[in-house]
Amino acid sequence: MVRINGENLDVVGNSVAEYLDSAGYDLMRVAVELNGNIVPKAQYADTIFKDGDSVEVVSFVGGG
Amino acid sequence: MIPSKEEWIKSLNDRHGIELQNKILSTTVAVCGLGGLGSNIAISLARAGIGQLMLIDFDKVDITNLHRQQYKVNQIGMSKTEALRNNLKEINPYLETKIHTIRLDESNAEDVLSDADIICEAFDNAECKAMLTNFVLEQMPDKYIVAASGMAGLDSSNAIHTRKVSKQFYLCGDEISDVKDGIGLVSSRVMLCAAHQAHTVLRIIAEEYEV
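Remember, predicted model here, so these are calculated numbers, not experimental data.

### Points about the nonpolar core
Residues and elements named next belong to chain B. Core analysis: the biggest nonpolar cluster contains 38 residues, and Val 29, Leu 37, Ile 41, Leu 53 and Leu 88 have the highest contact counts within it. Of all elements in the fold, only strand S1 (28–32), helix H3 (36–47), strand S2 (52–56), helix H4 (80–91), strand S4 (118–121), strand S5 (144–148), strand S7 (169–173) and helix H7 (187–205) reach the threshold of two or more residues within this core. By size, the runner-up hydrophobic cluster in this structure holds 28 residues, among which are Leu 104, Leu 113, Met 131 and Val 136.

### Focus on the interface of chain B and chain A
In this assembly, 31 residues from chain B lie in contact with 20 residues from chain A. For the pair chain B and chain A, the summed buried surface comes to about 1900 Å²; carbon and sulfur atoms form 57% of the total. Counting the surface chain B buries against chain A, the share from its top three residues, Glu127(B), Asn134(B) and Glu138(B), is 25%. One can count three salt bridges joining chain B with chain A. Applying the counting criterion to the chain B and chain A interface returns 13 residue pairs in polar contact (both at pLDDT 80 or more). Top element by residues in the side of chain B that touches chain A is helix H6 (residues 126–139) of chain B. It accounts for eight residues. Of the residues contributing to the side of chain B that touches chain A, the split by class is 15 nonpolar, seven polar and nine charged.

### Describing H3(B)
Residue and element names in this part refer to chain B. Taking 1.5 Å as the rise per residue, H3 with 12 residues should run 16 Å; its terminal C-alpha atoms sit 17 Å apart, in good agreement. In terms of burial, H3 is largely enclosed, as 10 of its 12 residues are buried. All of the buried residues in H3 are Gly 36, Leu 37, Gly 38, Ser 39, Asn 40, Ile 41, Ala 42, Ile 43, Leu 45 and Ala 46. Of the residues flanking the end of H3, it is Gly 49, one or two places downstream, whose phi is positive at about 85°.

### Here we look at the packing of helix H1 (residues 5–16) of chain B against helix H2 (residues 18–25) of chain B
Residues and elements named next belong to chain B. In contact at an axis separation of 7 Å, H1 and H2 are set at 125° when each is read in the N-to-C sense. The angle between the axes of H1 and H2 places the two elements in the oblique class. Judged by the twist between their axes, the crossing of H1 over H2 is right-handed. Counted together, Ile 9, Leu 12, Asn 13 and His 16 of H1 and Ile 18, Leu 20, Gln 21, Ile 24 and Leu 25 of H2 form the full contact between these two elements. Its residues assigned to classes, the contact of H1 with H2 comprises six nonpolar, three polar and no charged.

### Describing the packing of H3(B) against H7(B)
Residues and elements named next belong to chain B. The contact between H3 and H7 brings their axes to 8 Å, and the two run at 45°. When the axes of H3 and H7 are compared, the pair comes out oblique. Considering how the two elements wind past one another, H3 and H7 form a crossing that is right-handed. Contacts from Gly 36, Leu 37, Asn 40, Ile 41, Ser 44 and Leu 45 in H3 reach Val 190, Met 191, Cys 193, Ala 194, Gln 197, Ala 198, Val 201 and Leu 202 in H7. Class assignment of the residues belonging to the contact of H3 with H7 gives a composition of 10 nonpolar, four polar and no charged.

### Some details on the environment of Ile102(B)
Residue and element names in this part refer to chain B. Position of Ile 102 among the secondary structure elements: in the loop between strand S3 (96–100) and helix H5 (109–113). Here Ile 102 falls in the partly exposed class, since its relative accessible area comes to 28%. For the pair formed by Ile 102 and Asp 59, sequence separation is 43 residues and the distance between their alpha carbons is 8.1 Å. Ile 102 has contacts with Ile 56, Asp 57, Phe 58, Asn 108 and Val 112, leaving out every residue within four places of it along the chain.

Procedures and definitions
Residues numbered from 1 in each chain as written. Chains lettered and ligands numbered in written order. Predicted model: local features only at pLDDT ≥ 70, side-chain atom pairs only at ≥ 80, totals over all residues. Heavy atoms only, no water. Core = buried A, V, L, I, M, F, W, Y, C linked by side-chain atoms within 4.5 Å. Buried < 20%, exposed > 50% of the residue type's maximum accessible area, 1.4 Å probe, protein only. Helix = DSSP H or I, 4+ residues; strand = E, 2+ residues; numbered from the N terminus. Contact = heavy atoms within 4.5 Å. Buried area = accessible area lost by both parts, 1.4 Å probe. Salt bridge = Lys/Arg side-chain N within 4 Å of Asp/Glu carboxyl O. Polar contact = N/O pair within 3.5 Å; in protein donor to acceptor, adjacent residues only side chain to side chain. Nonpolar A, V, L, I, M, F, W, Y, C, P; charged D, E, K, R; others polar. Expected span 1.5 Å × (residues − 1). Axes fitted to C-alpha atoms, helices over the stretch in contact; angles between N-to-C directions. Parallel < 35°, antiparallel > 145°, perpendicular 65-115°, else oblique. Left-handed = near helix turned anticlockwise from the far one by under 90°.

These figures come from the coordinates and say nothing about function on their own.
Right, here's the structure in full:
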């Protein structure tokens, strides 16, 4: 299981890019932390979720 | 009559304690975007006696800004960087400022932000918010970023919160309310979010890292 924004999801083996796409995120508006470290945008396709990973996806909305 | 610098510092020391005030005075904060968030963040930090503020925005003051941003009618048409610097100097004449009247992007961010200890993301546009947050966390991992997402509309003020996403990354807002939904931005709720950001900056300076 992978814990994403507080929810346990069965996405072990998926890449960050695959997960974000399947969950409907706009890639231009997100920042992704994996186990407390930022995932560089260039590595979304090559970063694969492992069992026990903890992920935070921040999806920005407009306004300021 | 304007107080002397010594009188000014003494009044802050009396309020905050000399140890904390020395930390505040030795900190440089970059405010990226000088709209409803950035102009309010800057005013809070100027009043707290921050050492240096870097004010970054490409835009000019427009009549449509005045319902929520800390400018005045007679500043319409001025660059926001210069207008805000003038307003901040009226509040704190000894504030050090550095202004950058530019559009901050990945090509110039490292040069512009290199002297900052703490970076406030205060843009309006969601893609720009994500760009700056990713850039700082990827390229400048020793710096703190205090970002904002979700402060539009008339939803509850209590939905605005501060979240520590990771060691160097704090996020303020309700994380939901998009400016495109409903009635857009309302001054009081934008000020709330800006106050969360400014307060997070002061807590980081005070080495109070939890939210």
